[in-house]
Amino acid sequence: MKVYVFKSLPPSLWGYTRDIRALWAMEECGISYEAIGFDCGPNGLQDETKYGKINPFKQVPVIDDDGYVLSESGAILLYLAEKSGKLIPRDLKGRAQVYRWLITSLNNIEPFALPILFADMMGDSNPHMKGLRPWHAKILDRFFPEIDKMLTTQQFVVGKDFTVADIVLTCVLRELRKNEILQNYPNIEKYRKHCEERPAFVKVLNAYEDRLGIVRGSAR
Ligand SMILES: N[C@@H](CCC(=O)N[C@@H](CS)C(=O)NCC(=O)O)C(=O)O
């Protein structure tokens, strides 16, 4: 399977990009893949003329499974899980919980986590983003206490088994890994670190850093 990823990035984006999600899921599912790397230019991938044929939005990740092309990290992860029969339960209700937590991560948490990351990256150069930061943090404070409590009695978001929802949630939580937002949520931090200790994640992150040509540990 082919997967479109970054091979160069500005330092501020190291370890945050969504290609990590697809690569991690492929490793966990035992799917062999060829990573095709793009340079992230001053306009992201918008100047990539040919890539628009693969993904009209010109974003990564995208997979190409023997001619079947799919974009959107959440959709890609569900496809990989369904295809391999791994990282997703077999029963309908179990699967629905994976959909629920994957969508919660992308639709409740990431829309507020990402602007906090951008506010911190831009600092005083963007007073608008900086001004909205406390509001975004307050919204996250509505979800995180419940998730933190839940993780006192279960190892992963859907229960005892690691699923693609954990890959998405961990990657979304990583958007907050360098600020104070998660400091009041020890179980969430423990969960994130535990997921990041998985051999598949370690392998993917090492290869990611090697692909970018950066020192090991810089994208952690
Ligand atoms: N909703 C999409 C977002 C994909 C996305 O924003 N990708 C970024 C990297 S994390 C990208 O390719 N940016 C380059 C650009 O937008 O030009 C997904 O989850 O796959």
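Since the structure is predicted, the reported quantities are computational estimates derived from the model, not experimental observations.

A. Layout of a nonpolar patch on the surface. Taken together, the side chains of Phe118, Met121 and Met122 present a nonpolar region at the surface, about 230 Å² in accessible area. Assignment of secondary structure puts methionine 121 in helix α3 (residues 92–122). For methionine 121, a relative accessible area of 32% corresponds to the partly exposed category.

B. Representation of the sheet that holds strand β4 (residues 68–71) in the model. Across the sheet, which stays open at both edges, the four strands sit in the order β2-β1-β3-β4 with mixed pairing between neighbours. The two strands at the open ends of the sheet, each matched to only one other strand, are β2 (34–39) and β4. Across the sheet, the mean angle from the axis of one strand to that of its neighbour is 30°, orientation sign disregarded. Summarising the sheet, strand β1 (residues 2–8) and β2 pair through six bridges and their orientation is parallel. Bridging from a neighbouring strand, tyrosine 4 pairs with isoleucine 36 of β2. Sheet contacts for helix α1 (residues 19–29): β1 and β3 (62–65); angle to β1, the most-contacted strand, approximately 130°. Helix-sheet contacts for helix α2 (residues 73–84) involve β3 and β4, and the interaxial angle to β4 is about 130°.

Rules of the game
Residues numbered from 1 in each chain as written. Predicted model: local features only at pLDDT ≥ 70, side-chain atom pairs only at ≥ 80, totals over all residues. Heavy atoms only, no water. Patch = residues over 30% accessible without salt bridge, like charges linked within 9 Å, V, L, I, M, F, W, Y side chains within 5 Å. Areas by Shrake-Rupley, 256 points an atom, 1.4 Å probe, with all protein chains shown as cover. Salt bridge = Lys/Arg side-chain N within 4 Å of Asp/Glu carboxyl O. Helix = DSSP H or I, 4+ residues; strand = E, 2+ residues; numbered from the N terminus. Buried < 20%, exposed > 50% of the residue type's maximum accessible area, 1.4 Å probe, protein only. Pairing = 2+ DSSP bridges. Axes fitted to C-alpha atoms, helices over the stretch in contact; angles between N-to-C directions. Contact = heavy atoms within 4.5 Å.

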